[in-house]
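Listed here are the chains, written in short residue letters.
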Amino acid sequence: MTDTATSAETNNTSISTPASRRVSPWWRVLAVFLLVLLLLGWAASASMMTQLKAQIQHVQARLVDVPQIRQVAVLLDNQQQAAMLVTYNPKDGALLVQRLNEVKEGREDSMQVWAIAGDAAPRSLGVVTSKYKTLQMPVKETDLQGVTEIAVSAENKGGVATGAGPSLPWLFKGWLVQKSI
């Protein structure tokens with residue numbers, strides 16, 4: 001009985017503890033591969049987040065540099081055709097005058113830009129001194145407060161004297177519109 005009991009114990013031991021408790025090498029390779037894949041995914045996502053933050057900062061910096069045009073006027077000629085586009089950027093303190101047609105002043109003439117505020121006398125904003133399509137004129141924001149229209153007149157070379165009014169009729173005239181920001 002002891003031999004039978006010993007052999008029964010040996011059989012029970014061999015059944016409860018198999019001879020091969022090792023994990024297949026394929027499962028180990030798969031586990032290592034998935035771990036490497038997980039680490040690569042984490043590194044890639046961290047890199048993408050860093051790049052996204054850098055791009056957001058870049059766009060925010062560019063947004064600060066973009067002109068914030070607050071006032072716009074399209075000046076029309078006698079045939080109601082667009083002749084000039086006038087925009088004001090308070091950051092630069094400049095009125096940007098862009099010619100939209102081919103009308104140019106003569107040798108002895110100048111085009112002068114005027115601010116019209118209701119029934120008040122027109123105020124000169126400056127003289128168009130450039131023959132190019134665009135021109136920046138320094139203008140203070142206070143010079144445009146209460147102004148409803150912008151107009152252009154043809155004057156003698158250099159413009160009218162300070163305090164004098166414009167020659168009429170207007171060459172170009174248009175409403176000054178406050179742009180919502």
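Residues numbered from 1 in each chain as written. Predicted model: local features only at pLDDT ≥ 70, side-chain atom pairs only at ≥ 80, totals over all residues. Heavy atoms only, no water.

1. A closer look at the overall build of the protein chain
When helices and strands are counted, the protein chain shows two helices and eight strands. Listing each helix as α and each strand as β along the protein chain from the N terminus yields α-α-β-β-β-β-β-β-β-β. Evaluated residue by residue, the protein chain yields a buried proportion of 25% over its 181 residues. Accessible surface computed for the protein chain: about 13,100 Å², of which carbon and sulfur atoms make up 61%. (Helix = DSSP H or I, 4+ residues; strand = E, 2+ residues; numbered from the N terminus. Buried < 20%, exposed > 50% of the residue type's maximum accessible area, 1.4 Å probe, protein only. Areas by Shrake-Rupley, 256 points an atom, 1.4 Å probe, with all protein chains shown as cover.)

2. What about the nonpolar core?
L75, L95, V113, L125, L144 and I150 are the most contacted members of the largest nonpolar core, which totals 22 residues. Put simply, the parts of the chain that give this core at least two residues each are strand 1 (71–76), strand 2 (82–89), strand 3 (94–99), strand 4 (109–116), strand 5 (123–128), strand 6 (134–138), strand 7 (149–156) and strand 8 (172–178). Take this core: its biggest share by element is four residues, from strand 2. Apart from the residues lying within four places of it in its own chain, the contact partners of L95 are V86, T87, Y88, V113, L125, L135, Q136, M137, V139 and L144. (Core = buried A, V, L, I, M, F, W, Y, C linked by side-chain atoms within 4.5 Å. Contact = heavy atoms within 4.5 Å.)

3. Regarding the pairing of strand 5
Bridge analysis of strand 4 against strand 5 gives five bridges, and the strand direction is antiparallel. Bridge assignment links Q112 to a residue of strand 5, and that residue is V127. Between strand 4 and strand 5, which pair antiparallel and follow one another directly, the connecting turn spans six residues, one of which, G118, has a positive phi of 65°. (Pairing = 2+ DSSP bridges.)

4. With respect to the pairing of strand 6
Burial of strand 6 is one-sided: the residues L135 and M137 facing one way are buried, the residues T134, Q136 and P138 facing the other way are not. One ladder, built from five bridges, connects strand 3 with strand 6; its direction is antiparallel. When the sheet's bridge partners are listed, L96 is paired in strand 6 with Q136.

5. Observations regarding the pattern of salt bridges
Applying the stated criterion across every chain yields a total of two salt bridges. Notably, a salt bridge pairs E102 with K133, separated by 2.9 Å at the nearest N-O pair. Here E102, found in the loop between strand 3 and strand 4, pairs with K133, found in the loop between strand 5 and strand 6; they are 31 residues apart in sequence, far enough to count as distant. For K133, a relative accessible area of 40% corresponds to the partly exposed category. The salt bridge partner of K173 is E149, with a shortest N-O separation of 3.7 Å. Taken together, the residues K173 in strand 8 and E149 in strand 7 connect sequence positions 24 residues apart. (Salt bridge = Lys/Arg side-chain N within 4 Å of Asp/Glu carboxyl O.)

6. Quick look at the sheet that holds strand 1
Paired through backbone hydrogen bonds, the strands of a sheet run either parallel or antiparallel to each other. The eight strands lie next to each other as 5-4-7-8-1-2-3-6, forming an open sheet whose pairing is antiparallel. Here the strands that pair on one side only, and so sit at the sheet edges, are strand 5 and strand 6. Each neighbouring strand pair of the sheet contributes to a mean axis angle of 25°, computed without reference to strand direction. The sheet contact formed by strand 7 and strand 8 spans four bridges and is antiparallel. Within the sheet, the bridge partner assigned to A151 lies in strand 8 and is K173. (Axes fitted to C-alpha atoms, helices over the stretch in contact; angles between N-to-C directions.)

7. Let's talk about the side chain of R99
You can see R99 is positioned in strand 3. On the basis of relative accessible area, R99 is assigned to the buried category, the value being 5%.

8. Here we look at the confidence of the model for the protein chain
A low pLDDT means the predicted coordinates there should not be read in detail. Within the protein chain, residue pLDDT values average 82, and 86% of them lie at 70 or more. Across the protein chain, element-level confidence peaks in helix 2 (residues 25–65) with a mean pLDDT of 91 and bottoms out in helix 1 (residues 2–16) with 53. (pLDDT = per-residue confidence, 0-100.)

9. Side note on the environment of P122
Position of P122 relative to the elements: it lies in the loop between strand 4 and strand 5. Sequence spacing of P122 and A164 is 42 residues, and the spatial spacing of their C-alpha atoms is 9.4 Å. Here P122 is in contact with W114, A115, I116, P166 and W170, once residues within four sequence places are set aside.

10. What about a nonpolar patch on the surface?
Together, V23, W27, L30, F33, L34 and L37 line one region of the surface with nonpolar side chains, adding up to about 620 Å² of accessible area. Residue classification places L37 among the partly exposed positions, given a relative accessible area of 47%. (Patch = residues over 30% accessible without salt bridge, like charges linked within 9 Å, V, L, I, M, F, W, Y side chains within 5 Å.)

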